[in-house]
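Listed below, chain by chain, are the residues.
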Amino acid sequence: LSYVVTELAFWAVALPGAYFGYHQTTGEWLSLDTDRAQLLGLAAAFVTGVRFAVPLRMGAALALVPTMQRVLKLDAEGKQTN
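Bear in mind that the values here come from a model prediction, so they are computed numbers and not experimental data.

K.L.:
So what about the overall build of the protein? Which residues, and what values?
P.N.:
Within the protein one finds 3 helices and 0 strands. The linear arrangement of helices and strands in the protein, starting from the amino end, is α-α-α. The globule rule puts the C-alpha radius of gyration for 82 residues at 12 Å, and the 18 Å found for the protein is more than 25% above it. Its C-alpha atoms give the protein principal-axis dimensions of about 55 × 20 × 20 Å. Sorting the 82 residues of the protein into buried and exposed places 15% on the buried side. When contacts within the protein are restricted to residue pairs at least 6 apart in sequence, long-range pairs at least 24 apart make up 52% of them.

K.L.:
Describe helix α3 (residues 54-72), naming the residues involved and giving the relevant values.
P.N.:
Counted at 1.5 Å a residue, the expected span for α3 with its 19 residues is 27 Å, and the 25 Å between its end C-alpha atoms agrees. The principal kink in α3, of about 35 degrees, is found at V65, preceding the proline P66 by one to four residues. Along α3, the residues that are buried comprise R57, A61 and M68. Against the buried residues of α3 lie α1 (2-26) and α2 (36-52). Phi for K73, located one or two positions after α3, is positive at around 55 degrees.

K.L.:
If you had to explain the packing of aromatic side chains to someone new, which residues and values would you point to?
P.N.:
Tallying each qualifying case throughout the model produces 5 aromatic pairs. Ring geometry for F10 against W11: centres 5.1 Å apart, planes inclined by 80 degrees, an arrangement best described as edge-to-face. Consider the rings of Y19 and F20, whose centres lie 5.7 Å apart with planes at 75 degrees: the pair is edge-to-face. Through a chain of ring-to-ring contacts, three or more aromatic side chains come together here, namely F10, W11 and F46. Here the guanidinium or amino end of R57 rests over the ring plane of F10, the centre of that ring lying 4.4 Å away.

K.L.:
Before we move on, can you summarise the packing of α1 against α3 with the specific residues and values?
P.N.:
Look at α1 against α3: their axes get within 8 Å of each other, and the N-to-C directions meet at 130 degrees. When the interaxial angle is binned, α1 and α3 end up oblique. Seen from above, α1 lies across α3 with right-handed handedness. From α1, S2, Y3, V5, T6, E7 and F10 reach across to α3, where they touch R57, M58, A60, A61, L64, V65 and M68. Of the residues contributing to the contact of α1 with α3, the split by class is 9 nonpolar, 2 polar and 2 charged.

Calculation criteria
Residues numbered from 1 in each chain as written. Predicted model: local features only at pLDDT ≥ 70, side-chain atom pairs only at ≥ 80, totals over all residues. Heavy atoms only, no water. Helix = DSSP H or I, 4+ residues; strand = E, 2+ residues; numbered from the N terminus. Rg over C-alpha atoms; globule rule 2.2 N^0.38 Å. Buried < 20%, exposed > 50% of the residue type's maximum accessible area, 1.4 Å probe, protein only. Contact = heavy atoms within 4.5 Å. Expected span 1.5 Å × (residues − 1). Bend = angle between axes of the 7 residues up to and from the residue. Phe/Tyr/Trp six-rings, centres within 6.5 Å; stacked < 30°, edge-to-face > 60°. Lys NZ or Arg CZ within 6 Å of the ring centre and 35° of its normal. Axes fitted to C-alpha atoms, helices over the stretch in contact; angles between N-to-C directions. Parallel < 35°, antiparallel > 145°, perpendicular 65-115°, else oblique. Left-handed = near helix turned anticlockwise from the far one by under 90°. Nonpolar A, V, L, I, M, F, W, Y, C, P; charged D, E, K, R; others polar.

Pasting the structure below:
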């Protein structure tokens, strides 16, 4: 569950960040009318950055496990306690 929370948070920041970052650097909004070669280049750069962040996301998910257990009140076996 902590992995799901971490991934949702990451993508909720990464996708809008990339979209607005593109606008900030070029001054134009990204659209499907953009040149296909340019879109492929942007996608390759985005995927490279996302791959770089995988260990950080996994570390964040592992660090979030105790907090998730405490919030959901789960014991070591994953069963809910009162």
